[in-house]
Amino acid sequence: GQNIDQPTEMTATEGAIVQINCTYQTSGFNGLFWYQQHAGEAPTFLSYNVLDGLEEKGRFSSFLSRSKGYSYLLLKELQMKDSASYLCAVRDDGSNYQLIWGAGTKLIIKP
Amino acid sequence: KAGVTQTPRYLIKTRGQQVTLSCSPISGHRSVSWYQQTPGQGLQFLFEYFSETQRNKGNFPGRFSGRQFSNSRSEMNVSTLELGDSALYLCASSTIGGDSSYEQYFGPGTRLTVT
């Protein structure tokens, strides 16, 4: 079956670093996406990984290990505005390239 | 460039009624996907349309249907509404459907309340 697991909720302190993990089991793999969703708003794209390794984009980095079915999103120098839900999604080329979504991780930033 | 637009933004319906939601993708985008999101749940995939053809379909009952027009605008319809259909319905568009790295751009959503 298809399954994506993320922690339900995480708490971190302003200025610190937090790592949000995502593990997946899908019939195929054609890329992994991370999205940010603030409460009451639509998701917005953060990053895309299709090859193993780390992709860095400013304060945000995303890592992928295809052999382990594992990814993480790393947020540095946390700001209060980073309080949001972070969604992991896998494009499954075994299911006609459908995007399979995790339930999201709610990140709470404390001062 | 205008973003993805969805209408209406809010809707209140009664059980048993039907509803039609509309989505206008970003100009030039040919793929439109629909999702249902309920509190505490991830995005539940409804269907994806590409060039007026349904490319993928999620695990929703036949009461949920959709279509895409030649200008890439899309509509989804829910018939015989149930209380459990209360949710945020999100539409997302991308340049190319399915097998690409192109990310999806989401609209603001339509919040449907069924009473």
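Everything that follows concerns the structure shown earlier in this document.
**Q** Sorry, what's going on with the state of the cysteines here?
**A** Covalently bonding the sulfur atom of one cysteine to the sulfur atom of another cysteine gives a disulfide. All names here are of chain B. Under the counting rule described, the total for this entry stands at two disulfides over all chains. Cys23 shares a disulfide with Cys91; S-S distance 1.7 Å. Taking the torsion about the sulfur-sulfur bond, which here is approximately -50 degrees, the covalent link between Cys23 and Cys91 counts as left-handed. Residue Cys23 is located in strand β3 (residues 19-24), and its partner Cys91 is located in strand β9 (residues 87-94); the two are separated by 68 residues in the primary sequence. By relative accessible area, which is 0% here, Cys23 ends up buried.

**Q** Would you explain the interface of chain A and chain B in this entry?
**A** Size of an interface: often given as the accessible area lost when the parts come together. Taken together, the contacts link 18 residues of chain A with 20 residues of chain B. Carbon and sulfur atoms supply 53% of the area that chain A and chain B bury against each other, a total of about 1600 Å² over both sides. On the surface where chain A and chain B come into contact, there are zero salt bridges. For the pair chain A and chain B, the interface holds three residue pairs in polar contact (both at pLDDT 80 or more). For the side of chain A that touches chain B, the elements supplying multiple residues, two or more each, are β4 (32-37), β5 (44-49), β9 (84-92) and β10 (98-101) of chain A. Here the side of chain A that touches chain B is composed, by residue class, of eleven nonpolar, six polar and one charged.

**Q** Can you walk me through the layout of surface pockets in this structure?
**A** Left-over empty space is what a probe sized like a water molecule reveals as it rolls over the atoms. As a volume, the largest pocket reaches approximately 610 Å³. Around the largest pocket, the lining comprises 26 residues; the ones closest to its centre are Gln37 and Ser85 of chain A together with Gln37, Pro39 and Gly40 of chain B. For the lining of the largest pocket, the elements supplying multiple residues, two or more each, are β9 and β11 (105-110) of chain A. For the lining of the largest pocket, the residue count by class is eight nonpolar, 13 polar and five charged. Taken as a whole, the second largest pocket spans an internal volume of roughly 370 Å³. Lining the second largest pocket are 18 residues; nearest its centre among them are Gln98 and Ile100 of chain A together with Leu43, Gln44 and Phe45 of chain B. For the lining of the second largest pocket, the secondary structure elements donating two or more residues are β10 of chain A together with β5 (43-50) of chain B. Take the lining of the second largest pocket: its biggest share by element is four residues, from β10 of chain A. Residues that form the lining of the second largest pocket fall into these classes: eight nonpolar, nine polar and one charged.

Reading guide: rules and limits
Residues numbered from 1 in each chain as written. Chains lettered and ligands numbered in written order. Predicted model: local features only at pLDDT ≥ 70, side-chain atom pairs only at ≥ 80, totals over all residues. Heavy atoms only, no water. Disulfide = S-S within 2.5 Å. Helix = DSSP H or I, 4+ residues; strand = E, 2+ residues; numbered from the N terminus. Buried < 20%, exposed > 50% of the residue type's maximum accessible area, 1.4 Å probe, protein only. Contact = heavy atoms within 4.5 Å. Buried area = accessible area lost by both parts, 1.4 Å probe. Salt bridge = Lys/Arg side-chain N within 4 Å of Asp/Glu carboxyl O. Polar contact = N/O pair within 3.5 Å; in protein donor to acceptor, adjacent residues only side chain to side chain. Nonpolar A, V, L, I, M, F, W, Y, C, P; charged D, E, K, R; others polar. 1 Å grid on protein atoms, 1.4 Å probe; cavity = no way out; pocket = protein on both sides within 12 Å on 5 of 7 lines; lining within 4 Å. Points joined across faces, edges and corners; volume = space filled by probe spheres on them.

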